[in-house]
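Each chain, letter by letter, is given below.
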Amino acid sequence: HSHQQALVQIMAEHASLFGLRVKVLSRDMEEFPGGWHYHRKNKEFMKKVVTGEINPYLFHMSWTKNKDNKVKFFQQMGLWYVKDVCIAQTKSTILEGIDGGGVGVALDENGNENPPLVQPCCLAEPNIVCHYRDKPSKIPCSDKDPIDKGKPSFW
């Protein structure tokens, strides 16, 4: 289920009411690749991404069936910087404390109990996990099953 239609409607409404001007980026810009690049473009492009030869500003995992696969694909590419304890959790669950299954409440610099999730959830280095041998990956995942039957290993 996509939010694309809702976003397009809001953008059209804001264009009409407020004069919003929208520019669509080219699908071929190296700085902003997406799921089309991950799933469809030649694998040499994705090898350049995972080796660091191409450094996108933002990678949008469109053209992907569900959120679980998006996370797996980002993990496999070395583009996932979220601690496992924070995946699929609400902010309150994360911050409610160790006894409640969270990571503990920390106070912000003003002593407020509404801190950002950077400290408890963000990693300095990516969490690289292999899931599928046939999808782009930072490291070879040749011992994993393919997600798309009949596809060869990415490496």
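Residues numbered from 1 in each chain as written. Predicted model: local features only at pLDDT ≥ 70, side-chain atom pairs only at ≥ 80, totals over all residues. Heavy atoms only, no water.

**Digging into the packing of aromatic side chains**
The final tally for this structure, using the stated rule, is five aromatic pairs. Here Phe 59 and Phe 74 contribute two aromatic rings whose centre-to-centre distance is 6.0 Å and whose plane-to-plane angle is 85°, an arrangement assigned as edge-to-face. Placement of Phe 59 in the loop between α3 (43-51) and α4 (67-77) and of Phe 74 in helix α4 is noted, with a sequence separation of 15 residues between them. Geometrically, the ring pair formed by Phe 73 and Tyr 132 is edge-to-face, given 6.1 Å between the ring centres and 65° between the ring planes. Residue Phe 73 is found in helix α4, and its partner Tyr 132 is found in the segment after α6 (118-121); the two are separated by 59 residues along the sequence. Residue classification places Tyr 132 among the buried positions, given a relative accessible area of 14%. (Phe/Tyr/Trp six-rings, centres within 6.5 Å; stacked < 30°, edge-to-face > 60°. Helix = DSSP H or I, 4+ residues; strand = E, 2+ residues; numbered from the N terminus. Buried < 20%, exposed > 50% of the residue type's maximum accessible area, 1.4 Å probe, protein only.)

**Considering helix α1 (residues 4-18)**
End to end, α1 covers 20 Å across 15 residues, agreeing with the expected 21 Å (1.5 Å per residue, within 8%). Following α1 by one or two positions, Gly 19 adopts a phi angle in the positive range, close to 75°. (Expected span 1.5 Å × (residues − 1).)

**Digging into the pattern of salt bridges**
Should their charged atoms come close, side chains of opposite charge can pair. In this structure the tally under the stated criterion is one salt bridge. Across the salt bridge formed by Asp 148 and Lys 135, the nearest N and O atoms sit 3.1 Å from each other. Highlighted residues: Asp 148 in the segment after α6 and Lys 135 in the segment after α6, separated in sequence by 13 residues. Judged by relative accessible area, Asp 148 falls into the partly exposed class, the value being 30%. (Salt bridge = Lys/Arg side-chain N within 4 Å of Asp/Glu carboxyl O.)

**Points about the state of the cysteines**
By the definition in use, this model includes two disulfides. Two residues, Cys 86 and Cys 121, share a disulfide whose sulfurs are 2.0 Å apart. Handedness of the Cys 86-Cys 121 disulfide follows from its S-S torsion of about -85°: it is left-handed. In this pair, Cys 86 sits in the loop between α4 and α5 (91-95) while Cys 121 sits in helix α6, placing the two residues 35 residues apart along the sequence. Residue Cys 130 pairs covalently with Cys 141 via a disulfide, S to S 2.1 Å. Taking the sign of the torsion about the S-S bond as the criterion, the disulfide between Cys 130 and Cys 141, at about -75°, is left-handed. Residue Cys 130 is located in the segment after α6, and its partner Cys 141 is located in the segment after α6; the two are separated by 11 residues in the primary sequence. The exposure class of Cys 130 is buried, given its relative accessible area of 17%. (Disulfide = S-S within 2.5 Å.)

Honestly, that's just the spatial picture; any functional story needs more than this.
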